[in-house]
Amino acid sequence: MSQIPYKIYLTEEEMPKAWYNLRADMKNKPAPLLNPGTHEPMKAEELGGVFCEELVKQELDNTTPYFDIPEEILGFYKMYRPSPLVRAYCLEKKLGTPAKIYYKFEGNNTSGSHKLNSAIAQAYYAKKQGLKGVTTETGAGQWGTALSMACAYLGLDCKVYMVKVSYEQKPFRREVMRTYGASVTPSPSMETEVGKKILAEHPGTTGSLGCAISEAVEVATTTEGYRYVLGSVLNQVLLHQSIIGLETKAALDKYGVKPDIIIGCAGGGSNLGGLIAPFMGEKLRGEADYRIIAVEPASCPSLTRGKYAYDFCDTGMVCPLAKMYTLGSGFIPAPNHAGGLRYHGMSSVLSQLYDDGLMEATSVKQTDVFEAAETFARVEGILPAPESSHAIKVAIDEALKCKETGEEKTIVFGLTGTGYFDMVAYEKFHDGQMTDYIPTDEELQASFDKLPKMD
Ligand SMILES: *Cc1c(COP(=O)(O)O)cnc(C)c1O
């Protein structure tokens, strides 16, 4: 009999009280954001027009290892944290693997994902600065929902630009956001200059995260008392999401469990960056070694097929340039790609770690992802988000390799959320209508050709 509980929770005393800034331990720091006009590193004053002051400090700080989590945020976290670290006994049995599989489940809150961890932090700093409200984009809808919840809690206005394809496919998501008091606009819209421009160039486009970001930034920078907030990619978001990894590590340490493989899905990189943070910290300091695997969709493969280059974070090219693995800011993933993870680039932190060979990346096809999702749902009960199911797919593959070799590896993966709002995609899968669109080299090259020219 194992002494380890099926689900490991933490006591208040064991809960992390500070976020961990992985950048402090990186020898090769992530490249700085550049001003799109001058190509000089962005200064705090310039970023302050777009983001709240405190968040700008966090964004630019590559040296401070820990940031205390403010009391108010710790209080909010009490509503839904710690999230459980679950041993997937039923999945192990179904696969017949000697591997031990754990997943960190972030879907236990109404937004249905890990995004609330950063939403509350960003809304808190906006409120503290005395702002009226925030603007943002949302793709699949989880970020918009999380931000709406955080803003409702703190009494801030929230304007959400939602990628049109999701707006249409997920009307209930929109209503959840409106329940929490947010206004929701399908993007691209005719409400912004950049939206009008994108619609003129790509009539009938179903939108992309990059377009929605441009719109939200434009509104934030032209409306008094508003700032822009972003749910992924940025350094500050990875910092807030380190709560996932810190809790995971505390839970494993409590029972003396050391993971061999850590797996997470990667869209903009925030959940993965958060999950791996303390483990990667040990790896960087030479204290331990782990295999770390980022999983991305074959239809939007920024790490596995992208270029490591400076690029715009948005389609409208109004945001700073970030050095990252990118498919090009003009890349719009095929509309038949169901899950989130549609962003063209990847967090600068993860891009640098990947470029330094400190982590691996792999891409998976969406039909295989949904097959893994269904296997998981049937044995573990939780109906996973399509995004999360990318990690499930690779966790299952690694567990099956252990079955062949007889190795009892410990696999930890991030189960970032639930998929109740993704039933249209599940329906397509069940009806055999789901296809796998994988961009050709020519399509990617056409997008790479438009990367900004750096001198
Ligand atoms: C947003 C989201 C992701 C991907 O975003 P990252 O920033 O890469 O973590 C993954 N899973 C769920 C459930 C999400 O909502």
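Thresholds applied
- Sequence positions are assigned chain by chain, starting from 1 and proceeding in written order.
- Totals for whole chains, interfaces and linings use all residues, but because this is a predicted model, local features are given only for residues with pLDDT of at least 70 and pairs of side-chain atoms are given and counted only at 80 or more.
- Water and hydrogen atoms were dropped before computing side-chain values, which therefore reflect all heavy atoms in the structure.
- Take the buried residues of types Ala, Val, Leu, Ile, Met, Phe, Trp, Tyr and Cys, join any two whose side-chain atoms come within 4.5 Å, and each joined set is a nonpolar core.
- When accessible area is computed with a 1.4 Å probe and restricted to protein chains, residues below 20% of their type maximum are described as buried, those above 50% as exposed, and intermediate ones as partly exposed.
- Start and end points for every domain follow an automatic or database-based domain assignment.
- Any two residues whose heavy atoms approach within 4.5 Å at even a single point are treated as in contact.
- Disulfides are defined as pairs of cysteine sulfur atoms found within 2.5 Å of each other.
- Neighbouring residues are identified by heavy atoms, a residue being near a molecule or strand if any of them is within 4 Å of it.
- Whenever a nitrogen or oxygen atom comes within 3.5 Å of another N or O atom, the pair is scored as a polar contact, on the condition that within protein one atom can donate a hydrogen and the other can accept it, and that pairs from neighbouring residues in sequence are kept only if both atoms are in side chains.
- Method for areas: the Shrake-Rupley scheme with a 1.4 Å probe, in which residue coverage is limited to the protein chains shown.
- At least two bridges found by DSSP between two strands is the condition for calling them paired.
- Secondary structure elements are taken from DSSP: a helix is a run of H or I of four residues or more, a strand is a run of E of two residues or more, and numbering for both begins at the N terminus.

Asks: What is the right way to read the nonpolar core from this model?
Replies: A general trend in soluble globular proteins is that nonpolar side chains are found buried together. Judged by nonpolar contacts, the single largest core of 76 residues is most densely connected at Trp 19, Met 280, Leu 353 and Met 359. A domain-level breakdown of this core finds at least three residues from each of domain 1 (8–14 + 80–112 + 235–448) and domain 2 (20–68 + 115–228). Excluding residues within four positions of it along the chain, Met 359 makes contact with Leu 272, Ile 276, Met 280, Ile 292, Ala 294, Leu 303, Leu 350, Leu 353 and Tyr 354. Grouped together as the second largest cluster of nonpolar side chains are 34 residues, Tyr 103, Phe 376, Ala 391 and Cys 402 included.

Asks: So what exactly am I meant to see when it comes to the state of the cysteines here?
Replies: By definition, a disulfide links the sulfur atoms of two cysteine residues through a covalent bond. Scanning the entire structure with this criterion turns up zero disulfides. Residue Cys 151 stays outside any disulfide, its sulfur separated by 4.2 Å from that of Cys 158, the closest cysteine. Among the residues examined, Cys 151 registers a relative accessible area of 1% and is labelled buried.

Asks: Just to check I follow, could you spell out the site of the ligand for this structure?
Replies: Taken together, 18 residues are adjacent to the ligand, and Lys 115, Ser 232, Ser 270, Asn 271 and Thr 416 come closest. A distance of 2.7 Å is found between an oxygen atom of the ligand and a side-chain nitrogen or oxygen belonging to Ser 270. Residue Thr 416 places a side-chain N or O atom 2.7 Å away from a nitrogen atom belonging to the ligand. Protein contact buries 95% of the 380 Å² of open area that the ligand shows by itself.

Asks: For this particular structure, what's the right way to read the sheet that holds strand β1 (residues 7–8)?
Replies: Sheet strands line up and pair through hydrogen bonds in the backbone, either parallel or antiparallel. Strand order in this open sheet of seven strands is β1-β4-β5-β15-β10-β11-β14, and the pairing throughout is mixed. In this open sheet, the two edge strands, each paired with only one partner strand, are β1 and β14 (360–364). Note that strand β5 (residues 100–105) and strand β15 (residues 410–415) share six bridges and pair parallel. Residue pairing in the sheet places Tyr 103 in a bridge with Phe 413 of β15.

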